[in-house]
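Remarks on the overall topology
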Amino acid sequence: MTGTIDIRPLSDVVGAIVEGVDLTRPLDDTTADLLRDTFSRNSILCIRGQQLAASDQIRFGDLFGPVDSGFRVRSGYGGQETRNRGVMLVSNIRKNGEQIGSLPDGEMQFHSDGAHRDIPYAATTLYAIKLPSVGGDTLFANLAMAYDALDDDTKNRIDELQVRNLYGYDDTFREETTEETEPNTSAATHNLVKTHPVTGRKSLYLSRLMTRHVVGMDRGESDDLLNILFDHAERTEFVYAHKWLMNDLLIWDNRCLNHARTDFPGSEERLLRRLTITEWHD
Ligand code: SIN
């Protein structure tokens, strides 16, 4: 039934909008292949305006790889979400003073989900359930474009380097965690330049939120290099700002994109349902 599916660019930088698929039902193999192929070529898929239960989002995520199987929410929302494997709520809503989800408030620096793990998340899906009237955009930085735009000397300098990533769970700014010995942290070493396993394209793989130092490099030199690369990777020509609409579903490719969040009013509720695609062996 691929004849009725419409695919068009989400932005000049990255992404595709897909219309004509009904994610409340299982998809046929041809449609699933089309979505996977469109995802590989565009790095973000945006599917709009569908009322999706957590089980629909899990079925969608399963098309792209094994979805994360941990039970990740705190108290849950409406009593539903805690029963669904791998689902995490991203929300500033509090009930009886307790957060119902993770990553609650305000701005968040650029990062790639799971870059602090030995095996990062290949992809993330996020579904909009409640949105503030202003702000709370998710920004996506195209790290393959950023790598391509580097001069040859810089590419040669960084191609074989490795970086140490560190994350304190629920942090939104790097300064919130500084040491790997702090509680609720996770750290991993990765290549600074990665080759995408499907497209074969090279990308930067570092982020302002998580990347702490270049392995084996003097700290001052490492800080100088990383600061140049952080600024480069966040240049506006590589960044798309997603202004959420209610019931938007996004899937994005953590292997070649960073994402961040803009600030939003703390007095307004924001709730999105997140599901990660687990395995990425490189
Ligand atoms: C995330 O980094 O997973 C959350 C992004 C967002 O809240 O827009």
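Treat the numbers as computed from the prediction; the structure is a model and nothing was measured.

1. Some thoughts on the sheet that holds strand β4 (residues 87-91)
Taken in spatial order, the seven strands of this open sheet run β1-β2-β3-β16-β8-β18-β4, and their pairing is mixed. With partners counted over all chains shown, the strands left at the sheet margins are β1 (6-9) and β4, one partner each. In this sheet, adjacent strand axes meet at a mean angle of 25° when their direction is disregarded. In this sheet, strand β3 (residues 44-47) lies alongside strand β2 (residues 16-19) in parallel orientation, the contact comprising two bridges. Within β3, the position partnered with A16 by the bridge is L45. Seen against the sheet, helix α1 (residues 29-42) touches β1, β2, β3, β8 (123-130) and β16 (249-253) and runs at an angle of roughly 125° to β3.

2. Brief notes about the pattern of salt bridges
Overall, the coordinates contain 19 salt bridges when judged by the stated rule. Residues D6 and R8 are paired through a salt bridge, measuring 3.7 Å at the closest nitrogen-oxygen approach. For D6, a relative accessible area of 35% puts it in the partly exposed group. D137 is the salt-bridge partner of K243, the closest N and O atoms lying 2.8 Å from each other. Here the residue K243 occupies a position in the loop between β15 (239-242) and β16, and D137 occupies one in the loop between β8 and β9 (138-142), the gap between them amounting to 106 residues. Where salt bridges share partners, they join D6, R8 and E19 into one cluster.

3. Regarding the site of the ligand
Lining the immediate surroundings of the ligand are V90, L103, M108, H111, D113, T138, H259, R261, R270 and R274. Take H111: an N or O atom from its side chain is 2.9 Å from an oxygen atom of the ligand. Residue T138 places a side-chain N or O atom 2.6 Å away from an oxygen atom belonging to the ligand. Burial of the ligand by the protein chains amounts to 100% of its free accessible area of 260 Å². Most atoms of the ligand, that is more than half of them, are within 2 Å of grid points of the largest cavity.

4. Focus: the environment of R261
Along the polypeptide, R261 turns up in strand β17 (residues 257-261). For the pair formed by R261 and H111, sequence separation is 150 residues and the distance between their alpha carbons is 9.9 Å. Sequence-distant contacts of R261, defined by excluding residues within four places in its chain, comprise V90, L103, P104, D105, G106, E107, M108, G136, D137, T172 and R270. One polar contact links the side chain of R261 to the main-chain carbonyl oxygen of L103, over a distance of 3.0 Å.

5. Side note on empty space enclosed by the protein
Taken as a whole, this structure holds one cavity of 30 Å³ or more when the rule is applied. Its boundaries defined by the atoms lining it, the largest cavity holds a volume of some 140 Å³. Lining the largest cavity are 13 residues, with V90, L103, L126, H259 and R261 positioned closest to its centre. Secondary-structure elements contributing two or more residues to the lining of the largest cavity are β7 (108-111) and β17. With three residues, β17 is the largest single contributor of residues to the lining of the largest cavity. When its residues are assigned to classes, the lining of the largest cavity shows six nonpolar, three polar and four charged.

6. Remarks on the domain arrangement of the protein
Domain parsing of the protein yields domain 1 (6-105 + 113-138 + 241-277) and domain 2 (142-233). Each of domain 1 and domain 2 was reduced to a C-alpha centroid, and the two centroids are 24 Å apart. Each partner contributes to the interface: domain 1 provides 21 residues, whereas domain 2 provides 24 residues. When the two sides are added together, the surface that domain 1 and domain 2 hide from each other amounts to roughly 1,700 Å², 55% of it contributed by carbon and sulfur.

Criteria and thresholds
Numbering of residues starts from 1 in each chain and follows the order in which that chain's sequence is written. Whole-chain, interface and lining totals are the exception, using all residues; otherwise, since this is a predicted model, local features are given only for residues with pLDDT of at least 70 and side-chain atom pairs are given and counted only at 80 or more. The basis for every side-chain value is the complete set of non-hydrogen atoms in the structure, without hydrogens or water. Strand pairing requires that DSSP identify at least two bridges connecting the strands. Under the DSSP-based scheme used, a helix requires at least four consecutive residues in state H or I and a strand at least two consecutive residues in state E, with every element numbered from the N terminus. Axis definition: a line fit to C-alpha positions, over the contact stretch in the case of helices; interaxial angles, taken between N-to-C directions, run 0 to 180 degrees. Any two residues whose heavy atoms approach within 4.5 Å at even a single point are treated as in contact. Any carboxyl oxygen of Asp or Glu that lies within 4 Å of a side-chain nitrogen of Lys or Arg is treated as forming a salt bridge with it. The buried label goes to any residue with under 20% of its type's maximum accessible area, the exposed label to any with over 50%, and the partly exposed label to all in between, with areas taken from a 1.4 Å probe on protein chains only. The rule for a residue being near a molecule or strand is that one of its heavy atoms must lie within 4 Å of it. We call two N or O atoms a polar contact when they sit within 3.5 Å, provided that within protein one can donate a hydrogen and the other can accept it, with sequence-adjacent residues counted only if both atoms are side-chain atoms. All accessible areas in this document rest on Shrake-Rupley with a 1.4 Å probe, and a residue is counted as covered only by the protein chains that are shown. Points on a 1 Å grid over protein atoms alone make up a cavity when a 1.4 Å probe fits among them but cannot get out, and a pocket when they form an open set with protein on both sides within 12 Å along at least five of seven lines; lining residues each have an atom within 4 Å of a point. Molecules are considered to sit inside a cavity or pocket once more than half of their atoms lie within 2 Å of its grid points. Grid points are joined across faces, edges and corners, and a volume is the space filled by probe spheres set on the points. Charged means Asp, Glu, Lys or Arg here, nonpolar means Ala, Val, Leu, Ile, Met, Phe, Trp, Tyr, Cys or Pro, and polar covers whatever is left, Gly included. Note that the domain bounds were set by an automatic or database domain assignment. Defined here as a combined quantity, buried area equals the accessible surface (1.4 Å probe) lost by two parts on assembly, summed across both.

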